[in-house]
Amino acid sequence: MPEESTTEVTAAGIARLAGVGRAAVSNWRRRHADFPKPVGGTETSPSFSLADIEQWLRDQGKLAEVPLRERVWQQLAGHPGGTVTGLLHTGCALLLLRARPGAWTELAALPDDRLGALLPGVFEEVLTARFGPHRSVHTPTPAETLPAVPLLRAAVELAGELGGARQAFEFLLGRHLDANPRQYTLTPPPLAELMAALAAAASEGRPVATVLDPASGTGGLLRAVPHPTALHAQDADPDLAALSALRLALHGDADVRAAAGDTLRADAFPALAADAVLCHPPFNERAWGHDELAYDPRWEYGFPARTESELAWVQHALARLRPGGTAVLLMPPAVASRRSGRRIRADLLRRGALRAVIALPAGAAPPYGIPLHLWVLVRPGADERPPAETLFVDTAGLVPDAGRDKLPWPALKNAVLDAWTGRGGDESVARTVPVIELLDDEVD
């Protein structure tokens, strides 16, 4: 297929295709005059046409049975618009497969040029039906779709091999995230599940139907929510907002609304009254909007100092909850003790908004060397009497020093939920402290 010539592959990708080490690829380039010439990249890290490489390996008898997932990943990594653009286009095709499998079957019978011309119109229909007219996922143009047709065909084939459109997208997204660990700040799935479970337990039997993540990243926290009705996601990075939308739409049937934009400066859901907010906010931001937002109505518990961006996120979360709704935020430990945040911490305690602080062991989430905290907050009702005590949980003792690289998540989750629900558990792990004892000059 001529369109596939635009897909490029690196030497590392060639090695994976052939099942050899990178040294073998270097030897082939030196010894074989007919080895394909680079078509891109740099002198030290060249890239090659995937179609030419596959043909050369086949002619040399070096192309063994390449796993479909490896072939699809190479096509995705070599997408002319970049891997993220390829993921977005692939997500559109997989969403079409999930929503209208018969339509995909009919379209897939067409030649590549015709398929590339028709897919944008079908994508537009499916995306509008799933996300509404104002959405974070943009419909690719015919010019953008045509080079991706071989990738889209292969991704749908991969969905059949892996068990569905969701599984195929999760595999490709996970492969991209694993390949770029420094580019994204992720919430590990076991921690996301714990945060979602805390929100559900704190609801005291009320359904957690509407959930917001105002710093959604790739949607991992919202994906952990069991059986939601509506999911709202916002992220400052437009690509991440779009990836979140596609990921969540492929994961389940909840109504998904995802928006791109700076949450603190340009909140996309100002009228939302969510049942729960889950958030892993950016840490230690200085340019979070302190100068522009001095009179923002969200600062019900006090105007955060420039150095207290996390307390701005805490108050944003509370402002987007219904009365009695729960927020669970991942926080750096310094927020619990910095002098500049004492007045806001005191008001959160005094009015019954801050219900628990849970110290996680180091290694629970990035930055992995710091024992982060979970804050569990509840938006007080108008006539609700604030609780007299606050729960403190310290899970560090549950993890031996030698085991920090592999945390015992089931035991951690059980200990935290037992402490929160009052089911007992180890008294050395959790205790409740009268709020009056916390309201001293320190408020730590």
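Everything here concerns the structure above.
Asker: Before we move on, can you summarise the packing of aromatic side chains with the specific residues and values?
Answerer: Taken as a whole and assessed by the stated rule, the structure comprises five aromatic pairs. Here the aromatic rings of phenylalanine 35 and tryptophan 56 are separated by 4.8 Å at their centres, their planes lie at 70 degrees, and the arrangement is edge-to-face. Taken together, the residues span a long stretch of sequence, with phenylalanine 35 in the loop between helix 2 (22-31) and strand 2 (40-41) and tryptophan 56 in helix 3 (residues 50-59) at a distance of 21 residues. This pair shows no difference in class: phenylalanine 35 is buried, exactly as tryptophan 56 is. Ring geometry for tryptophan 288 versus tryptophan 299: centroids 5.9 Å apart, planes at 90 degrees, classification edge-to-face. Pair noted here: tryptophan 288 is in the loop between strand 7 (274-279) and helix 14 (309-319) and tryptophan 299 is in the loop between strand 7 and helix 14, with a separation of 11 residues, a long-range link. Residue class for tryptophan 299 comes out buried when judged on its relative accessible area of 9%. An aromatic cluster of at least three residues, connected via ring pairs, comprises Trp28, Phe35, Phe48 and Trp56. Taking the ring centre of phenylalanine 171 as reference, the NZ or CZ of arginine 69 above it sits at 5.2 Å.

Asker: Summarise the sheet that holds strand 2; cite the residues concerned and give the values.
Answerer: As summarised here, the arrangement of the three strands in space is 1-3-2, forming an open sheet in which the pairing is antiparallel. Lying at the two open borders of the sheet, with one neighbouring strand each, are strand 1 (8-10) and strand 2. In this structure, strand 2 lies alongside strand 3 (residues 46-49), joined through two bridges in antiparallel fashion. Its bridge partner lying in strand 3, glycine 40 is registered against serine 47. Where helix 1 (residues 11-18) meets the sheet, it contacts strand 1 and strand 3, and its direction lies at approximately 90 degrees from that of strand 1.

The rules we used
- Residues numbered from 1 in each chain as written.
- Predicted model: local features only at pLDDT ≥ 70, side-chain atom pairs only at ≥ 80, totals over all residues.
- Heavy atoms only, no water.
- Phe/Tyr/Trp six-rings, centres within 6.5 Å; stacked < 30°, edge-to-face > 60°.
- Helix = DSSP H or I, 4+ residues; strand = E, 2+ residues; numbered from the N terminus.
- Buried < 20%, exposed > 50% of the residue type's maximum accessible area, 1.4 Å probe, protein only.
- Lys NZ or Arg CZ within 6 Å of the ring centre and 35° of its normal.
- Pairing = 2+ DSSP bridges.
- Contact = heavy atoms within 4.5 Å.
- Axes fitted to C-alpha atoms, helices over the stretch in contact; angles between N-to-C directions.

Function cannot be read off these values alone, since they describe shape.
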